[in-house]
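# Descriptive analysis of the structure
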Amino acid sequence: MVDFKKNIGKTVFAIPTGEFARHCEKDTVLPAQVVKVGRVNVTLSFQGREKVCRMHEVYFNRVFVDGANGGYKIFTTEEVARNHIEAKAFRVALREAIGDLSDAELLMIKKSLKK
């Protein structure tokens, strides 16, 4: 969870989501500076260009840009952002691998995890 008010003037790291992700290279992490924080909005500066983003009501590390079908996942360090990308890729690979397993194999895994 990112506390935007504690990070005013500091650099955070953003992973584009939705429409913004389509216009970036895969696994892009963008540095952004927190300029201003309101009750519902946060202003981020990407290379000098400011964007007013609406904070997500449930996921406090996500923001959305009004009028766009996209936003950003925000992290306090680049390392945490890169770890998120790596974990997401592993999660996808794991889901694909599990999809190829039979019911008996899945039950064996379940039993071994309970031990």
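### Details of the overall build of the chain
Of regular secondary structure, the chain possesses three helices and six strands. In the chain, the succession of helices and strands from N to C terminus is β-α-β-β-β-β-β-α-α. Radius of gyration (C-alpha) of the chain: 18 Å, far over the 13 Å computed for a compact globule of 115 residues. In terms of overall dimensions, the chain has a C-alpha envelope of 55 × 30 × 25 Å along the principal axes. Restricting to contacts in the chain with at least 6 residues of sequence separation, those with at least 24 account for 43%.

### Quick notes on helix H3 (residues 103-114)
Taking 1.5 Å as the rise per residue, H3 with twelve residues should run 16 Å; its terminal C-alpha atoms sit 17 Å apart, in good agreement. Along H3, only zero of the twelve residues are buried, which leaves the element largely exposed.

Rules used throughout
Residues numbered from 1 in each chain as written. Predicted model: local features only at pLDDT ≥ 70, side-chain atom pairs only at ≥ 80, totals over all residues. Heavy atoms only, no water. Helix = DSSP H or I, 4+ residues; strand = E, 2+ residues; numbered from the N terminus. Rg over C-alpha atoms; globule rule 2.2 N^0.38 Å. Contact = heavy atoms within 4.5 Å. Expected span 1.5 Å × (residues − 1). Buried < 20%, exposed > 50% of the residue type's maximum accessible area, 1.4 Å probe, protein only.

As far as function goes, none of this settles anything; it's purely spatial.
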